[in-house]
Amino acid sequence: MDIDTRLLRSFAVVHEEGQLTAAASRLLISQPALTKQVRQLEALLGVRLFERTRTGVTPTPAGRELARRAPGLLGDWDAAVRGVRHAATEAEGLLRVGFEGATVNLVGLATMTEFERRMPGWQARMRQNNWFDVSSGLAGGEIDLALWHAPAELAPEFTGELLGVSPRIAVLSAAHPLAGRERIDVTELFDDPFVAIPAEAGFWRDYWLGAPERAGHPARIGAVVHNADEWLAAVACGQGIGLAPEAMRRLAPRPDVVYRDVDGLAPSHVGLYWLRERPCTPAMAAFVESCRSTFAL
């Protein structure tokens, strides 16, 4: 029997959430479409996987058994996809590197020239990170390395090489009451609405909302945006404030936005990261060393 992994992923999310509405929101599909997928999987297997209740859905014994096995099945498939993609790009002499809006200015001609000197015949291809993927494409094998401004402690599935430490700063509309200050204490920002990245970004969303420093103080969300340009535009329009790497001050000067130093805010660790389960290849190591010799944080 052949089953679309998409159906299995949808089942797993419904099981985790216990509600079709919450699961559909997480999967970015409509609830009727998700219900159809669950019924399609039940028809293929010939069993009922969930019972509907007043508060959501409850797995049947068959559903609990499938939920027990699904992570291993999906994990094996994901590993196979990553392996295939890595093999294909290595055969082409191609290294794929993801970057944030505020890190692309760290990589330039000098970095690429140094990488090509270290790895003759190879090319590094840059791709902007996807804010709807907490791994920026590492988990799916879409990139080999991610260039991140990250917290000191990352999720255990990632490892990497630190390239430097950079302050995080506040980004405010020029009309904001604190815009005239040169320095701001982080606690002065907690009651302001923030411009947030999507919830699908996971711990990245919390990090750029200052969650570690908030110590439980809830964040107010003024707007949710999908890329760096939307984020900066929302701040400029007064829809909220934000935190950003120091590099943004140089990367995106504009008259309607101010960048201010913040006391009490932990700095970012700038580095190249990859999945811990993947060995660091010669090309990955060469790109790390190329960045070390050319970066100016």
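Look up a bit, the structure's there.
Residues numbered from 1 in each chain as written. Predicted model: local features only at pLDDT ≥ 70, side-chain atom pairs only at ≥ 80, totals over all residues. Heavy atoms only, no water.

S.K.: Just checking my understanding: could you explain the packing of helix α1 (residues 5–17) against helix α3 (residues 31–45) for this structure?
M.R.: Helices that pack against each other are described as a pair by the angle of their axes relative to one another and the distance between those axes. Between α1 and α3, the least distance of the axes is 9 Å, while the angle of their chain directions is 110°. Between α1 and α3, the angle falls in the class roughly perpendicular. Pair α1 / α3 crosses with left-handed handedness. Two secondary-structure elements touch here, α1 through Arg-6, Leu-7, Ser-10, Phe-11 and Val-14 and α3 through Leu-34, Gln-37, Val-38, Gln-40, Leu-41 and Leu-44. Residue classes in the contact of α1 with α3 are distributed as 7 nonpolar, 3 polar and 1 charged. (Axes fitted to C-alpha atoms, helices over the stretch in contact; angles between N-to-C directions. Helix = DSSP H or I, 4+ residues; strand = E, 2+ residues; numbered from the N terminus. Parallel < 35°, antiparallel > 145°, perpendicular 65-115°, else oblique. Left-handed = near helix turned anticlockwise from the far one by under 90°. Contact = heavy atoms within 4.5 Å. Nonpolar A, V, L, I, M, F, W, Y, C, P; charged D, E, K, R; others polar.)

S.K.: Would you mind showing me how to read α1 here?
M.R.: Every α-helical turn comprises 3.6 residues, leaving residues that sit three or four positions apart pointing alike. Compared with the 18 Å implied by 1.5 Å per residue over 13 residues, the 18 Å span of α1 between its first and last C-alpha is a close match. Among the residues making up α1, those that are buried are Leu-7, Leu-8, Ser-10, Phe-11, Ala-12, Val-13 and Val-14. Regarding α1, its N-cap is Asp-4, as a side-chain oxygen of that residue lies 2.8 Å from the backbone nitrogen of Arg-6 further along. Phi turns positive one or two residues past the end of α1, at Gly-18, with a value near 75°. (Expected span 1.5 Å × (residues − 1). Buried < 20%, exposed > 50% of the residue type's maximum accessible area, 1.4 Å probe, protein only. Polar contact = N/O pair within 3.5 Å; in protein donor to acceptor, adjacent residues only side chain to side chain.)

S.K.: Even after reading the chapter, I still don't get the sheet that holds strand β11 (residues 242–245), so can you show me in this structure?
M.R.: Across the sheet, 4 strands lie side by side as β8-β12-β7-β11; this open sheet has mixed pairing. Of all strands in the sheet, those with a lone pairing partner are β8 (183–185) and β11, marking the two edges. The mean inter-strand angle of the sheet, taken between neighbouring strand axes irrespective of direction, is 45°. Across 3 bridges, the pairing between β8 and strand β12 (residues 257–263) is parallel. Looking at β12, one finds that Asp-185 is bridged to Asp-263. (Pairing = 2+ DSSP bridges.)

S.K.: How do you make sense of the pattern of salt bridges when you look at a structure like this?
M.R.: Opposite charge on two side chains permits them to pair, given that their charged atoms come into close proximity. By the definition in use, this model includes 18 salt bridges. With a shortest N-O distance of 3.4 Å, Arg-6 and Asp-4 are connected by a salt bridge. For Asp-4, a relative accessible area of 38% translates into the label partly exposed. For the salt bridge of Glu-213 with Arg-168, the shortest nitrogen-to-oxygen distance reads 3.2 Å. Here the residue Glu-213 occupies a position in helix α7 (residues 211–214), and Arg-168 occupies one in strand β7 (residues 168–173), the gap between them amounting to 45 residues. (Salt bridge = Lys/Arg side-chain N within 4 Å of Asp/Glu carboxyl O.)

S.K.: I'm lost on the environment of Leu-243 in this one. Help?
M.R.: The residue Leu-243 is located in strand β11 in this model. Using a relative accessible area of 6% as the deciding quantity, one classes Leu-243 as buried. Measuring from C-alpha to C-alpha, the distance between Leu-243 and Phe-158 comes to 23 Å, with 85 residues separating the pair along the chain. Contacts of Leu-243, omitting those with residues within four sequence positions, involve Arg-168, Ile-169, Ala-170, Leu-189, Phe-194, Trp-208, Leu-209, Gly-210, Trp-231 and Leu-265.

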